[in-house]
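# Report on the structure
Below are the chains, spelled out letter by letter.
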Amino acid sequence: PKKKGPCRTKYSGQYWPSIYHTMPAPCSCMSFNPETRRLSVGMDNGVVSEFILSEDYNKMTPARSYQAHQGGVTVVLFVLEMEWVLSTGQDKSFTWHCSESGQQLGTYRTTAWVSGLQFDVETRHAFVGDHSGQVTILKLEQDSCSLVTTFKGHTGNVTALCWDPVQRVLFSGSSDHSIIMWDIGGRKGTAIEMQGHNEKVQGLCYAPHTRQLISCGSDGGIVVWNMDVTRQETPEWLDSDSCQRCEQPFFWNFKQMWDSKKIGLRQHHCRKCGQAVCGKCSSKRSTIPLMGFEFEVRVCDSCHESITDEERAPTATFHDSKHAVVHMHYEPTRSWLLTSGADRVIKLWDMTPVVS
């Protein structure tokens with residue numbers, strides 16, 4: 001309809017240059033493939049709906065819908081090379097559909113609600129993270145899948161996954177505030193832990209041209225990790241009935257307490273050597289960036305003396321987003337980072353000075 005105004009502009013009633021489409025249920029996740037302009041939308045009713053956007057992005061044409069889950073869809077991913085639509089849901093399942101026929105090709109039941117998904121085209125491996133803190137690797141075929149392995153390093157649920165197909169490294173973030181780098185391609189079982197957030201890790205993305213990992217959390221922090229350094233695994237915590245430094249008994253060691261007439265002490269662990277020590281022998285704190293500890297952690301007195309200033313040099317930079325991030329997306333061609341927060345604000349960050 002015509003609307004009179006100073007410029008006498010005609011309005012069509014459409015959102016321009018954007019478009020508007022009402023979904024049958026609340027949207028829970030989505031992914032966009034710019035090469036095919038295919039938009040995949042997961043909803044709370046378990047359905048994945050796909051649309052094709054026009055070249056000028058002024059029209060979206062419904063392509064296909066899949067009844068993928070019995071609960072809300074948590075992650076959806078379109079794999080162009082395979083013509084597959086992968087999805088995970090609150091119904092503790094991972095499914096994949098053929099985007100050409102619309103048929104479900106297979107499904108896999110997990111032990112917990114699935115919250116993370118990545119896929120490697122070369123090996124057809126799907127990486128599935130769940131609320132138990134476990135990551136499952138599945139080998140997908142056209143209409144079947146096989147369990148490759150499972151591994152668990154988080155004490156909280158997996159909240160984010162990121163796959164680097166070049167270095168063949170998987171990054172996982174968790175509600176336990178930590179990030180773990182799993183060296184899949186090295187075949188040595190190496191798992192590097194990184195501590196740089198005070199609250200739940202909400203998103204992960206990798207910049208391959210600079211070998212940097214970007215993480216964001218509900219604490220509002222955006223951390224850029226330098227992955228072009230030789231990082232070290234954290235040691236396993238050792239078991240002992242007495243302090244491995246001063247030999248004072250711990251509080252459950254009744255025999256030694258009785259024999260030595262000494263009060264039992266609480267057990268702690270040095271984050272650098274892993275030894276079981278008492279509070280007096282581990283009164284110092286230090287950062288150990290190459291072990292992933294960007295914040296100060298407990299170390300025994302001996303390790304504290306051995307850590308040099310060079311070893312304390314940070315391997316990450318920290319930035320305050322000023323909002324509790326719930327989702328992030330990184331655009332490597334422009335070095336742009338998009339974050340959306342619990343404050344209903346979307347922010348676009350220029351990461352050029354940091355990333356490239």
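What counts and how
Residues numbered from 1 in each chain as written. Predicted model: local features only at pLDDT ≥ 70, side-chain atom pairs only at ≥ 80, totals over all residues. Heavy atoms only, no water. Phe/Tyr/Trp six-rings, centres within 6.5 Å; stacked < 30°, edge-to-face > 60°. Helix = DSSP H or I, 4+ residues; strand = E, 2+ residues; numbered from the N terminus. Lys NZ or Arg CZ within 6 Å of the ring centre and 35° of its normal. Buried < 20%, exposed > 50% of the residue type's maximum accessible area, 1.4 Å probe, protein only. Disulfide = S-S within 2.5 Å. UniProt positions renumbered as here; feature names shortened; annotations may be inferred.

Attention now goes to the packing of aromatic side chains. Inspection of the entire model under this criterion finds 7 aromatic pairs. Centre to centre, the rings of F151 and W182 are 4.4 Å apart; their planes meet at 40°, and the pair counts as tilted. Highlighted residues: F151 in strand β12 (residues 145–152) and W182 in strand β15 (residues 178–183), separated in sequence by 31 residues. Positioned over the ring face of F78 is R38, at 4.4 Å from the centre of the ring.

This part is about unusual backbone geometry. Here Y57, not a glycine, exhibits a phi torsion of approximately 60°, which is positive. Examined against the element boundaries, Y57 turns out to sit in the loop between β3 (47–53) and β4 (60–67). Relative accessible area serves as the criterion here: at 37%, Y57 is assigned to the partly exposed category. Despite not being glycine, S335 has its phi angle at roughly 55°, a positive value. Note that S335 resides in the loop between β25 (325–331) and β26 (336–341).

The full count for this structure, using the stated rule, is 0 disulfides. Of all cysteine sulfurs in the structure, the one in C27 sits closest to C29, which takes part in no disulfide; the separation is 8.7 Å. Considering cysteine sulfurs only, C145 is the nearest to C98, which forms no disulfide, with 16 Å between them.

A few words on the UniProt feature "repeat: WD" (unreviewed entry) in the chain. UniProt's entry tags residues 151–184, 194–228 and 318–351 with the feature "repeat: WD" (unreviewed entry), counted in the numbering of this structure. Secondary structure across residues 151–184 divides into 0% helix and 62% strand, with the first and last C-alpha atoms of the span separated by 11 Å. A distance of 14 Å separates the end C-alpha atoms of residues 194–228, which is 0% helix and 60% strand.

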